Amino acid sequence: MASFLSALLLASSSLPIAATAAKKNPTLYFSVGSAITTIDPAMINDSYSDQVAINVQEGLLSRNKNGQISAGLAQKWNHSKDGKRWTFTLRKGLHWSNGDRLRASDFVFAWRRLLNPATHSQAAYKFSGIVNADNISSGKADPSKLGVLAKNDRTLIVTLDHPLPQFEMELAAPTFYAVDPAVVQRFGRHFGNSSDHQVYSGPFRLTGWNGTNNHYRLVKNRYYWDKKHVASSRIDESVVSDPVAVVGLYRRNRLDLAPLTTQQSVSANRNRKDFHNYPAGGVFYLEFNQTGRVKGLTNRNIRLALNYAIDRKAIADQLSSGMDKPATGLVPEGSGGLTSQGKDFAKTAAQRTAKYYKYDLSQARKLFRRGMKQEKLNSLTLNVEATAENPVSKPEVDYLQQSWQRLGRVHIREHFVPFQQRLQDQRNQNFDVMVGGWTSDYAEPTGYLTLFTTNGSNNDGRWSSSKYDAAFNRAMDQNALNHSARTKDEINAEVALAKDAGALPIYWSYSPSLVNPKLKGLQHFDPGNYLYFKYAHK
(Lines give C-alpha, C1' and ligand atoms only; values in the text may rest on other atoms or scores of the structure.)
Protein backbone atom coordinates (compact mmCIF):
# COMPACT_ATOMS: atom_id res chain seq x y z
CA MET A 1 0.00 0.00 0.00
CA ALA A 2 1.60 2.98 -1.01
CA SER A 3 2.12 6.14 0.78
CA PHE A 4 1.88 6.87 3.98
CA LEU A 5 3.94 6.68 7.06
CA SER A 6 5.48 9.74 8.59
CA ALA A 7 2.18 11.51 9.18
CA LEU A 8 0.24 8.36 10.02
CA LEU A 9 -0.95 9.44 13.45
CA LEU A 10 -1.20 13.23 13.59
CA ALA A 11 -3.85 14.93 15.68
CA SER A 12 -6.62 17.52 15.45
CA SER A 13 -6.97 20.61 17.55
CA SER A 14 -10.72 20.03 17.76
CA LEU A 15 -10.65 16.63 19.41
CA PRO A 16 -13.53 15.33 21.55
CA ILE A 17 -13.61 15.44 25.34
CA ALA A 18 -10.51 14.72 27.34
CA ALA A 19 -9.27 11.16 27.44
CA THR A 20 -9.29 11.28 31.22
CA ALA A 21 -12.99 12.04 31.49
CA ALA A 22 -14.34 8.52 31.54
CA LYS A 23 -13.51 6.35 34.53
CA LYS A 24 -14.98 2.98 33.56
CA ASN A 25 -13.62 1.44 30.36
CA PRO A 26 -12.45 4.89 29.20
CA THR A 27 -12.45 5.96 25.58
CA LEU A 28 -9.09 5.82 23.83
CA TYR A 29 -8.00 8.81 21.74
CA PHE A 30 -5.82 8.56 18.65
CA SER A 31 -5.24 10.53 15.48
CA VAL A 32 -4.36 10.05 11.83
CA GLY A 33 -2.38 12.29 9.55
CA SER A 34 -4.70 12.46 6.56
CA ALA A 35 -8.32 11.70 5.77
CA ILE A 36 -9.13 8.09 4.99
CA THR A 37 -10.23 7.54 1.41
CA THR A 38 -12.36 4.39 1.53
CA ILE A 39 -13.26 1.37 3.63
CA ASP A 40 -13.84 -0.85 0.60
CA PRO A 41 -11.09 -3.52 0.83
CA ALA A 42 -10.86 -3.65 -2.96
CA MET A 43 -10.07 0.05 -3.22
CA ILE A 44 -7.81 0.72 -0.22
CA ASN A 45 -4.37 1.88 -1.37
CA ASP A 46 -3.12 4.04 1.49
CA SER A 47 -2.00 3.39 5.04
CA TYR A 48 -4.54 5.74 6.63
CA SER A 49 -7.43 3.61 5.38
CA ASP A 50 -5.49 0.43 6.16
CA GLN A 51 -5.11 1.62 9.76
CA VAL A 52 -8.90 1.70 10.13
CA ALA A 53 -9.50 -1.48 8.12
CA ILE A 54 -7.36 -3.78 10.29
CA ASN A 55 -9.44 -2.80 13.32
CA VAL A 56 -12.93 -3.04 11.82
CA GLN A 57 -12.49 -6.15 9.67
CA GLU A 58 -10.77 -9.50 10.06
CA GLY A 59 -9.35 -11.87 7.48
CA LEU A 60 -9.27 -15.62 7.27
CA LEU A 61 -6.11 -15.28 9.35
CA SER A 62 -5.11 -12.66 11.88
CA ARG A 63 -2.22 -11.94 14.26
CA ASN A 64 -1.74 -12.87 17.88
CA LYS A 65 -0.44 -10.66 20.69
CA ASN A 66 3.11 -11.25 19.46
CA GLY A 67 2.25 -10.19 15.91
CA GLN A 68 2.53 -13.72 14.54
CA ILE A 69 0.03 -15.27 12.13
CA SER A 70 -2.87 -16.87 13.96
CA ALA A 71 -6.44 -18.00 13.37
CA GLY A 72 -8.86 -15.27 12.37
CA LEU A 73 -12.29 -15.90 10.90
CA ALA A 74 -10.88 -19.28 9.89
CA GLN A 75 -10.62 -21.59 12.88
CA LYS A 76 -8.20 -23.96 11.18
CA TRP A 77 -6.43 -24.39 7.85
CA ASN A 78 -4.07 -26.71 6.02
CA HIS A 79 -2.41 -27.14 2.63
CA SER A 80 -1.34 -29.91 0.33
CA LYS A 81 2.23 -31.19 0.34
CA ASP A 82 3.11 -29.18 -2.78
CA GLY A 83 1.69 -25.98 -1.23
CA LYS A 84 -0.85 -25.42 -4.00
CA ARG A 85 -4.19 -26.39 -2.43
CA TRP A 86 -5.30 -24.64 0.75
CA THR A 87 -8.40 -25.48 2.79
CA PHE A 88 -9.84 -23.07 5.38
CA THR A 89 -12.56 -23.93 7.88
CA LEU A 90 -14.47 -20.90 9.14
CA ARG A 91 -15.64 -20.59 12.73
CA LYS A 92 -19.22 -21.50 13.54
CA GLY A 93 -21.81 -18.75 13.80
CA LEU A 94 -19.92 -15.87 12.16
CA HIS A 95 -21.92 -12.71 11.47
CA TRP A 96 -21.44 -9.28 9.95
CA SER A 97 -22.10 -6.26 12.16
CA ASN A 98 -25.62 -5.93 10.70
CA GLY A 99 -26.47 -9.50 11.74
CA ASP A 100 -26.08 -11.08 8.28
CA ARG A 101 -24.46 -14.50 8.24
CA LEU A 102 -20.80 -14.43 7.18
CA ARG A 103 -20.12 -17.32 4.84
CA ALA A 104 -17.20 -18.76 2.91
CA SER A 105 -18.92 -17.54 -0.26
CA ASP A 106 -18.42 -13.94 0.95
CA PHE A 107 -14.69 -14.40 0.40
CA VAL A 108 -15.31 -15.81 -3.07
CA PHE A 109 -17.51 -12.82 -3.93
CA ALA A 110 -14.98 -10.31 -2.54
CA TRP A 111 -11.97 -11.74 -4.35
CA ARG A 112 -13.76 -12.08 -7.68
CA ARG A 113 -15.07 -8.54 -7.38
CA LEU A 114 -11.63 -7.12 -6.62
CA LEU A 115 -10.03 -8.87 -9.60
CA ASN A 116 -12.77 -7.85 -12.01
CA PRO A 117 -11.20 -5.16 -14.27
CA ALA A 118 -14.39 -3.13 -13.89
CA THR A 119 -13.54 -2.58 -10.21
CA HIS A 120 -10.24 -0.86 -11.09
CA SER A 121 -8.53 -2.12 -7.95
CA GLN A 122 -4.83 -1.35 -7.63
CA ALA A 123 -4.47 -4.36 -5.34
CA ALA A 124 -5.17 -6.99 -8.00
CA TYR A 125 -1.49 -7.85 -8.31
CA LYS A 126 -1.52 -9.23 -4.76
CA PHE A 127 -3.65 -12.15 -5.96
CA SER A 128 -1.08 -13.19 -8.52
CA GLY A 129 -0.34 -16.88 -7.97
CA ILE A 130 -3.96 -17.87 -7.33
CA VAL A 131 -5.23 -19.85 -10.31
CA ASN A 132 -6.43 -17.52 -13.09
CA ALA A 133 -5.99 -14.34 -11.01
CA ASP A 134 -3.69 -12.68 -13.55
CA ASN A 135 -5.92 -13.61 -16.48
CA ILE A 136 -8.98 -12.23 -14.71
CA SER A 137 -7.37 -8.92 -13.74
CA SER A 138 -6.15 -8.44 -17.32
CA GLY A 139 -9.59 -9.18 -18.75
CA LYS A 140 -8.60 -12.50 -20.33
CA ALA A 141 -10.79 -14.68 -18.11
CA ASP A 142 -14.10 -14.39 -16.30
CA PRO A 143 -13.96 -13.83 -12.51
CA SER A 144 -15.82 -17.12 -12.03
CA LYS A 145 -12.65 -18.92 -13.14
CA LEU A 146 -10.70 -17.79 -10.07
CA GLY A 147 -9.15 -20.64 -8.10
CA VAL A 148 -11.33 -20.19 -5.04
CA LEU A 149 -14.34 -22.31 -4.08
CA ALA A 150 -16.84 -22.23 -1.23
CA LYS A 151 -17.44 -25.94 -0.68
CA ASN A 152 -20.08 -25.05 1.89
CA ASP A 153 -20.83 -22.14 4.25
CA ARG A 154 -17.76 -22.87 6.38
CA THR A 155 -15.24 -24.37 3.96
CA LEU A 156 -13.13 -22.33 1.53
CA ILE A 157 -10.70 -23.97 -0.88
CA VAL A 158 -8.01 -21.92 -2.63
CA THR A 159 -5.89 -23.31 -5.48
CA LEU A 160 -2.56 -21.74 -6.37
CA ASP A 161 -0.55 -21.90 -9.59
CA HIS A 162 2.54 -22.41 -7.48
CA PRO A 163 3.50 -22.09 -3.81
CA LEU A 164 3.54 -18.53 -2.47
CA PRO A 165 5.98 -17.68 0.34
CA GLN A 166 3.78 -14.87 1.65
CA PHE A 167 0.34 -16.45 1.27
CA GLU A 168 -0.55 -16.89 4.96
CA MET A 169 0.66 -13.38 5.77
CA GLU A 170 -1.38 -11.90 2.91
CA LEU A 171 -4.56 -13.50 4.23
CA ALA A 172 -4.35 -11.32 7.35
CA ALA A 173 -4.21 -8.12 5.25
CA PRO A 174 -7.14 -5.91 4.15
CA THR A 175 -6.90 -6.80 0.45
CA PHE A 176 -8.08 -10.34 1.21
CA TYR A 177 -10.97 -9.46 3.51
CA ALA A 178 -14.47 -10.67 2.73
CA VAL A 179 -17.36 -8.33 1.92
CA ASP A 180 -21.10 -8.80 2.40
CA PRO A 181 -22.56 -9.28 -1.12
CA ALA A 182 -25.97 -7.93 -0.10
CA VAL A 183 -24.42 -4.70 1.19
CA VAL A 184 -22.26 -4.27 -1.92
CA GLN A 185 -25.30 -4.74 -4.13
CA ARG A 186 -27.37 -2.36 -2.01
CA PHE A 187 -24.92 0.56 -2.17
CA GLY A 188 -23.30 -0.09 -5.55
CA ARG A 189 -20.66 2.47 -6.42
CA HIS A 190 -21.17 4.12 -3.00
CA PHE A 191 -20.10 0.98 -1.15
CA GLY A 192 -17.37 1.75 1.36
CA ASN A 193 -17.42 5.53 0.89
CA SER A 194 -18.89 6.16 4.35
CA SER A 195 -19.21 4.23 7.60
CA ASP A 196 -22.91 3.55 6.96
CA HIS A 197 -22.15 2.07 3.53
CA GLN A 198 -20.19 -0.86 4.93
CA VAL A 199 -20.57 -3.66 7.48
CA TYR A 200 -17.86 -5.10 9.66
CA SER A 201 -16.39 -8.44 10.69
CA GLY A 202 -13.67 -7.31 13.09
CA PRO A 203 -13.32 -6.18 16.71
CA PHE A 204 -14.82 -2.75 16.03
CA ARG A 205 -17.21 -1.08 13.64
CA LEU A 206 -16.66 2.36 12.16
CA THR A 207 -19.21 5.08 12.93
CA GLY A 208 -19.53 8.78 12.19
CA TRP A 209 -17.51 8.90 8.96
CA ASN A 210 -19.40 10.48 6.05
CA GLY A 211 -16.58 10.12 3.54
CA THR A 212 -15.04 13.55 4.01
CA ASN A 213 -15.16 14.50 7.69
CA ASN A 214 -12.17 14.42 10.00
CA HIS A 215 -13.67 12.78 13.09
CA TYR A 216 -14.97 9.24 13.52
CA ARG A 217 -15.23 6.46 16.07
CA LEU A 218 -14.45 2.80 16.36
CA VAL A 219 -17.14 1.14 18.48
CA LYS A 220 -17.00 -2.41 19.82
CA ASN A 221 -18.67 -4.82 17.40
CA ARG A 222 -21.22 -6.89 19.32
CA TYR A 223 -21.32 -9.47 16.51
CA TYR A 224 -17.56 -10.10 16.51
CA TRP A 225 -16.80 -13.75 17.33
CA ASP A 226 -14.15 -12.83 19.95
CA LYS A 227 -15.85 -9.77 21.44
CA LYS A 228 -15.10 -10.89 25.01
CA HIS A 229 -11.41 -10.15 24.41
CA VAL A 230 -11.94 -6.66 22.93
CA ALA A 231 -10.64 -4.53 25.78
CA SER A 232 -12.13 -1.10 24.97
CA SER A 233 -15.64 -0.11 23.93
CA ARG A 234 -14.78 3.01 21.98
CA ILE A 235 -11.88 4.69 20.22
CA ASP A 236 -12.12 8.23 18.91
CA GLU A 237 -9.92 9.25 15.99
CA SER A 238 -9.35 12.65 14.39
CA VAL A 239 -7.34 14.04 11.49
CA VAL A 240 -4.79 16.86 11.45
CA SER A 241 -1.49 17.66 9.77
CA ASP A 242 -0.06 19.92 12.47
CA PRO A 243 2.84 18.21 14.30
CA VAL A 244 2.93 20.90 16.98
CA ALA A 245 -0.74 20.55 17.87
CA VAL A 246 -0.47 16.81 18.42
CA VAL A 247 2.16 17.18 21.15
CA GLY A 248 0.15 19.91 22.85
CA LEU A 249 -2.97 17.78 22.82
CA TYR A 250 -1.08 14.84 24.26
CA ARG A 251 0.33 16.96 27.08
CA ARG A 252 -3.20 18.15 27.90
CA ASN A 253 -4.35 14.51 28.14
CA ARG A 254 -6.40 14.82 24.95
CA LEU A 255 -4.49 12.06 23.13
CA ASP A 256 -3.11 8.72 24.24
CA LEU A 257 -0.34 8.72 21.65
CA ALA A 258 1.48 11.57 19.96
CA PRO A 259 3.68 10.81 16.94
CA LEU A 260 6.75 13.03 16.75
CA THR A 261 7.15 13.83 13.07
CA THR A 262 9.56 16.76 13.10
CA GLN A 263 13.18 17.08 14.12
CA GLN A 264 12.25 19.71 16.67
CA SER A 265 9.62 17.56 18.39
CA VAL A 266 11.95 14.55 18.55
CA SER A 267 14.81 16.61 19.99
CA ALA A 268 12.54 18.18 22.57
CA ASN A 269 11.03 14.91 23.77
CA ARG A 270 13.52 12.10 23.20
CA ASN A 271 14.63 12.01 26.86
CA ARG A 272 11.13 11.68 28.31
CA LYS A 273 10.16 8.41 29.99
CA ASP A 274 7.09 8.13 27.76
CA PHE A 275 9.19 8.40 24.56
CA HIS A 276 9.26 5.34 22.28
CA ASN A 277 10.74 4.74 18.81
CA TYR A 278 8.90 2.04 16.87
CA PRO A 279 10.09 0.47 13.59
CA ALA A 280 7.58 1.59 10.98
CA GLY A 281 8.56 -0.89 8.27
CA GLY A 282 8.48 1.84 5.65
CA VAL A 283 10.89 2.77 2.93
CA PHE A 284 10.89 6.26 1.44
CA TYR A 285 12.25 6.33 -2.07
CA LEU A 286 12.54 8.44 -5.20
CA GLU A 287 10.84 7.24 -8.34
CA PHE A 288 11.89 8.54 -11.74
CA ASN A 289 9.48 8.92 -14.62
CA GLN A 290 11.14 6.74 -17.27
CA THR A 291 8.38 6.90 -19.87
CA GLY A 292 10.38 9.40 -21.94
CA ARG A 293 8.48 12.39 -20.57
CA VAL A 294 11.73 13.78 -19.15
CA LYS A 295 14.76 13.48 -21.38
CA GLY A 296 17.64 12.36 -19.21
CA LEU A 297 15.82 10.18 -16.69
CA THR A 298 15.95 7.18 -19.00
CA ASN A 299 19.75 7.47 -18.95
CA ARG A 300 21.35 5.11 -16.41
CA ASN A 301 24.39 7.31 -15.84
CA ILE A 302 22.24 10.32 -14.98
CA ARG A 303 20.13 8.27 -12.58
CA LEU A 304 23.27 6.87 -10.95
CA ALA A 305 24.66 10.39 -10.64
CA LEU A 306 21.51 11.57 -8.86
CA ASN A 307 21.82 8.52 -6.62
CA TYR A 308 25.46 9.03 -5.60
CA ALA A 309 24.86 12.74 -4.95
CA ILE A 310 22.58 11.91 -1.98
CA ASP A 311 24.06 11.55 1.50
CA ARG A 312 21.45 9.22 2.99
CA LYS A 313 22.73 9.36 6.54
CA ALA A 314 22.71 13.15 6.50
CA ILE A 315 19.15 13.31 5.18
CA ALA A 316 17.88 10.70 7.66
CA ASP A 317 19.53 12.55 10.55
CA GLN A 318 18.24 15.90 9.35
CA LEU A 319 14.65 14.75 8.97
CA SER A 320 14.35 12.67 12.12
CA SER A 321 17.15 13.61 14.52
CA GLY A 322 18.65 10.20 13.94
CA MET A 323 15.46 8.21 14.50
CA ASP A 324 15.18 6.99 10.87
CA LYS A 325 17.90 4.92 9.22
CA PRO A 326 19.65 5.49 5.86
CA ALA A 327 18.56 2.83 3.39
CA THR A 328 21.02 0.26 2.09
CA GLY A 329 18.32 -1.38 -0.01
CA LEU A 330 14.62 -1.38 -0.74
CA VAL A 331 13.67 -3.80 2.07
CA PRO A 332 13.96 -2.19 5.55
CA GLU A 333 15.75 -3.83 8.43
CA GLY A 334 13.42 -5.98 10.51
CA SER A 335 10.65 -5.92 7.90
CA GLY A 336 11.81 -8.51 5.39
CA GLY A 337 11.94 -11.46 7.71
CA LEU A 338 14.93 -13.73 8.19
CA THR A 339 17.16 -15.54 5.74
CA SER A 340 17.52 -19.32 5.82
CA GLN A 341 20.51 -18.71 8.10
CA GLY A 342 18.32 -16.87 10.61
CA LYS A 343 19.80 -13.45 9.82
CA ASP A 344 17.94 -10.25 9.01
CA PHE A 345 17.33 -10.07 5.28
CA ALA A 346 18.18 -6.38 4.87
CA LYS A 347 21.47 -6.68 6.74
CA THR A 348 22.40 -9.69 4.59
CA ALA A 349 21.45 -7.97 1.34
CA ALA A 350 23.44 -4.88 2.37
CA GLN A 351 26.66 -6.87 1.96
CA ARG A 352 26.04 -6.59 -1.78
CA THR A 353 23.92 -3.45 -2.12
CA ALA A 354 25.23 -0.91 0.42
CA LYS A 355 28.09 0.19 -1.85
CA TYR A 356 25.61 1.42 -4.46
CA TYR A 357 23.93 3.73 -1.94
CA LYS A 358 27.04 5.42 -0.56
CA TYR A 359 27.50 9.16 -0.96
CA ASP A 360 30.17 9.87 -3.58
CA LEU A 361 29.95 13.35 -5.08
CA SER A 362 33.06 12.91 -7.22
CA GLN A 363 31.66 9.77 -8.84
CA ALA A 364 28.28 11.46 -9.18
CA ARG A 365 29.72 14.40 -11.12
CA LYS A 366 31.68 12.08 -13.39
CA LEU A 367 28.62 9.99 -14.25
CA PHE A 368 26.48 13.09 -14.67
CA ARG A 369 28.83 14.61 -17.24
CA ARG A 370 28.90 11.29 -19.11
CA GLY A 371 25.12 10.94 -19.12
CA MET A 372 24.50 14.53 -20.19
CA LYS A 373 26.92 14.09 -23.08
CA GLN A 374 25.18 10.88 -24.14
CA GLU A 375 21.80 12.66 -24.12
CA LYS A 376 23.22 15.83 -25.69
CA LEU A 377 21.81 17.94 -22.88
CA ASN A 378 23.16 21.27 -21.70
CA SER A 379 21.04 21.35 -18.55
CA LEU A 380 18.48 19.24 -16.71
CA THR A 381 15.32 20.61 -15.07
CA LEU A 382 13.43 18.31 -12.71
CA ASN A 383 10.13 18.83 -10.91
CA VAL A 384 10.26 16.99 -7.59
CA GLU A 385 6.80 16.22 -6.18
CA ALA A 386 5.96 15.31 -2.58
CA THR A 387 2.98 15.18 -0.21
CA ALA A 388 1.99 18.59 1.15
CA GLU A 389 0.56 17.24 4.43
CA ASN A 390 3.76 15.47 5.42
CA PRO A 391 5.80 17.83 7.64
CA VAL A 392 9.11 16.34 6.46
CA SER A 393 8.37 16.80 2.75
CA LYS A 394 9.68 20.36 2.55
CA PRO A 395 13.04 19.74 4.28
CA GLU A 396 13.47 16.50 2.35
CA VAL A 397 12.97 18.12 -1.04
CA ASP A 398 15.08 21.10 0.00
CA TYR A 399 17.91 18.69 0.78
CA LEU A 400 17.55 16.94 -2.59
CA GLN A 401 17.61 20.31 -4.33
CA GLN A 402 20.85 21.31 -2.59
CA SER A 403 22.43 17.89 -3.25
CA TRP A 404 21.60 17.73 -6.95
CA GLN A 405 22.54 21.32 -7.70
CA ARG A 406 26.08 20.41 -6.68
CA LEU A 407 26.23 18.37 -9.89
CA GLY A 408 26.01 21.57 -11.93
CA ARG A 409 23.51 22.34 -14.68
CA VAL A 410 20.65 20.85 -12.65
CA HIS A 411 17.58 22.94 -11.87
CA ILE A 412 15.07 21.68 -9.29
CA ARG A 413 11.48 22.83 -8.97
CA GLU A 414 9.68 21.84 -5.77
CA HIS A 415 6.07 20.74 -6.08
CA PHE A 416 3.94 19.93 -3.01
CA VAL A 417 0.43 18.57 -3.53
CA PRO A 418 -2.28 17.03 -1.32
CA PHE A 419 -1.85 13.33 -0.58
CA GLN A 420 -4.73 12.24 -2.83
CA GLN A 421 -3.44 14.28 -5.76
CA ARG A 422 0.02 12.80 -5.28
CA LEU A 423 -1.43 9.30 -5.59
CA GLN A 424 -3.30 10.33 -8.73
CA ASP A 425 -0.22 11.92 -10.26
CA GLN A 426 1.72 8.71 -9.65
CA ARG A 427 -0.91 6.55 -11.30
CA ASN A 428 -1.02 8.84 -14.33
CA GLN A 429 2.78 9.24 -14.66
CA ASN A 430 2.20 12.96 -14.17
CA PHE A 431 5.56 13.63 -12.51
CA ASP A 432 9.31 13.89 -13.12
CA VAL A 433 10.63 12.73 -9.75
CA MET A 434 8.25 11.52 -7.04
CA VAL A 435 8.96 11.16 -3.34
CA GLY A 436 7.14 7.93 -2.57
CA GLY A 437 6.74 5.64 0.38
CA TRP A 438 5.85 2.00 0.81
CA THR A 439 5.25 -0.53 3.51
CA SER A 440 4.49 -4.17 2.91
CA ASP A 441 1.48 -6.11 4.12
CA TYR A 442 3.79 -8.85 5.32
CA ALA A 443 7.32 -9.44 6.60
CA GLU A 444 8.85 -11.00 3.49
CA PRO A 445 11.11 -9.25 0.93
CA THR A 446 8.73 -9.85 -1.98
CA GLY A 447 6.25 -7.49 -0.30
CA TYR A 448 8.65 -4.66 -1.15
CA LEU A 449 10.27 -6.03 -4.29
CA THR A 450 6.88 -6.29 -5.99
CA LEU A 451 6.98 -2.50 -6.35
CA PHE A 452 9.25 -2.41 -9.37
CA THR A 453 8.38 -5.41 -11.51
CA THR A 454 7.77 -4.54 -15.15
CA ASN A 455 4.13 -3.58 -15.65
CA GLY A 456 3.50 -3.87 -11.91
CA SER A 457 0.48 -1.82 -10.84
CA ASN A 458 2.61 0.31 -8.48
CA ASN A 459 5.61 0.71 -10.79
CA ASP A 460 4.53 4.23 -11.65
CA GLY A 461 7.87 5.28 -13.15
CA ARG A 462 7.77 2.36 -15.60
CA TRP A 463 11.34 1.21 -14.93
CA SER A 464 11.97 -2.22 -16.43
CA SER A 465 14.71 -4.79 -15.85
CA SER A 466 14.72 -8.35 -17.13
CA LYS A 467 17.21 -9.33 -14.40
CA TYR A 468 14.99 -7.88 -11.69
CA ASP A 469 11.87 -9.55 -13.09
CA ALA A 470 13.58 -12.94 -13.46
CA ALA A 471 14.89 -12.92 -9.89
CA PHE A 472 11.54 -11.80 -8.46
CA ASN A 473 9.59 -14.38 -10.46
CA ARG A 474 11.87 -17.22 -9.35
CA ALA A 475 11.42 -16.18 -5.72
CA MET A 476 7.66 -16.16 -6.12
CA ASP A 477 7.40 -19.38 -8.10
CA GLN A 478 9.94 -22.17 -8.43
CA ASN A 479 11.86 -21.26 -5.26
CA ALA A 480 8.90 -20.22 -3.11
CA LEU A 481 9.31 -23.20 -0.77
CA ASN A 482 13.13 -23.22 -0.93
CA HIS A 483 14.08 -20.61 1.63
CA SER A 484 17.78 -20.49 0.77
CA ALA A 485 17.25 -20.22 -2.99
CA ARG A 486 14.45 -17.69 -2.52
CA THR A 487 16.69 -15.44 -0.41
CA LYS A 488 19.35 -15.55 -3.13
CA ASP A 489 16.77 -14.52 -5.74
CA GLU A 490 15.50 -11.67 -3.57
CA ILE A 491 19.01 -10.33 -2.99
CA ASN A 492 19.69 -10.54 -6.74
CA ALA A 493 16.59 -8.41 -7.33
CA GLU A 494 17.87 -5.83 -4.82
CA VAL A 495 21.21 -5.75 -6.65
CA ALA A 496 19.54 -5.30 -10.05
CA LEU A 497 17.57 -2.31 -8.75
CA ALA A 498 20.64 -0.74 -7.15
CA LYS A 499 23.02 -1.20 -10.10
CA ASP A 500 20.55 0.41 -12.51
CA ALA A 501 19.28 3.10 -10.12
CA GLY A 502 15.80 2.08 -11.21
CA ALA A 503 14.45 3.80 -8.10
CA LEU A 504 16.33 5.22 -5.14
CA PRO A 505 15.61 4.00 -1.60
CA ILE A 506 16.53 6.92 0.68
CA TYR A 507 15.69 6.02 4.27
CA TRP A 508 13.79 3.51 6.39
CA SER A 509 11.18 5.06 8.62
CA TYR A 510 10.70 4.75 12.32
CA SER A 511 7.87 6.20 14.37
CA PRO A 512 9.04 8.10 17.45
CA SER A 513 6.09 8.75 19.71
CA LEU A 514 4.95 9.82 23.14
CA VAL A 515 2.68 7.18 24.65
CA ASN A 516 0.39 7.48 27.65
CA PRO A 517 1.95 5.28 30.38
CA LYS A 518 -1.56 4.17 31.36
CA LEU A 519 -2.18 2.74 27.90
CA LYS A 520 -1.80 -1.05 27.88
CA GLY A 521 -2.20 -3.77 25.25
CA LEU A 522 -1.65 -1.58 22.17
CA GLN A 523 0.02 -3.57 19.39
CA HIS A 524 2.38 -2.16 16.77
CA PHE A 525 2.41 -4.43 13.72
CA ASP A 526 5.56 -4.32 11.63
CA PRO A 527 5.79 -3.82 8.69
CA GLY A 528 3.83 -0.62 8.82
CA ASN A 529 3.67 0.19 12.52
CA TYR A 530 -0.08 -0.18 12.19
CA LEU A 531 -1.86 0.18 15.52
CA TYR A 532 -4.09 -2.73 16.48
CA PHE A 533 -6.60 -1.78 19.15
CA LYS A 534 -8.26 -5.10 20.03
CA TYR A 535 -6.38 -5.52 23.32
CA ALA A 536 -5.71 -1.82 24.02
CA HIS A 537 -7.10 -0.31 27.21
CA LYS A 538 -6.40 2.13 30.06
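Source: prediction; values computed, not measured.

Now for the overall build of the chain. When its secondary structure is counted, the chain shows 16 helices and 19 strands. On C-alpha atoms alone, the chain measures out to a radius of gyration of 23 Å, which is about the 24 Å that the 2.2 N^0.38 rule sets for 538 residues. For the chain, buried positions account for 60% of its 538 residues. Residue pairs at least 24 apart in sequence account for 71% of intrachain contacts in the chain once pairs closer than 6 positions are excluded. Taken as a whole, the chain presents about 20900 Å² of accessible surface, with 46% of it coming from carbon and sulfur. Here the chain carries 68 positive and 46 negative side-chain charges, and the mean point of each set is 3 Å from the other.

All right, on to the environment of Gly 281 then. Relative to the elements of secondary structure, Gly 281 occurs in strand S12 (residues 275-288). When its relative accessible area of 3% is taken as the criterion, Gly 281 is described as buried. Sequence separation of Gly 281 and Ser 509 is 228 residues, and the distance between their C-alpha atoms is 6.5 Å.

Within a sheet, each strand pairs with its neighbour through backbone hydrogen bonds, oriented either parallel or antiparallel. Read from one edge of the open sheet, 4 strands run S4-S5-S7-S6, paired in antiparallel fashion. Sheet topology places strand S4 (74-79) and strand S6 (148-152) at the edges, where each strand pairs with a single neighbour. Adjacent strand axes in the sheet meet at a mean angle of 20°, parallel and antiparallel pairs treated alike.

Note that side chains of opposite charge can pair when their charged atoms are close. Enumeration according to the criterion identifies 18 salt bridges in this entry. Here Arg 272 and Asp 274 are joined by a salt bridge, their closest N and O atoms 2.8 Å apart. Given a relative accessible area of 31%, Arg 272 falls into the partly exposed group. Two residues, Glu 333 and Lys 325, come together in a salt bridge whose shortest N-O distance is 3.2 Å. Residue Glu 333 is classed as partly exposed on the basis of its relative accessible area, which comes to 23%. Relative accessible area serves as the criterion here: at 33%, Lys 325 is assigned to the partly exposed category. Via salt bridges that share partners, Arg 101, Arg 103 and Asp 153 belong to a single interconnected network.

Rules used in this analysis
Residues numbered from 1 in each chain as written. Predicted model: local features only at pLDDT ≥ 70, side-chain atom pairs only at ≥ 80, totals over all residues. Heavy atoms only, no water. Helix = DSSP H or I, 4+ residues; strand = E, 2+ residues; numbered from the N terminus. Rg over C-alpha atoms; globule rule 2.2 N^0.38 Å. Buried < 20%, exposed > 50% of the residue type's maximum accessible area, 1.4 Å probe, protein only. Contact = heavy atoms within 4.5 Å. Areas by Shrake-Rupley, 256 points an atom, 1.4 Å probe, with all protein chains shown as cover. Lys, Arg positive; Asp, Glu negative; His and termini not counted. Charge placed at Lys NZ, Arg CZ, Asp CG, Glu CD. Pairing = 2+ DSSP bridges. Axes fitted to C-alpha atoms, helices over the stretch in contact; angles between N-to-C directions. Salt bridge = Lys/Arg side-chain N within 4 Å of Asp/Glu carboxyl O.

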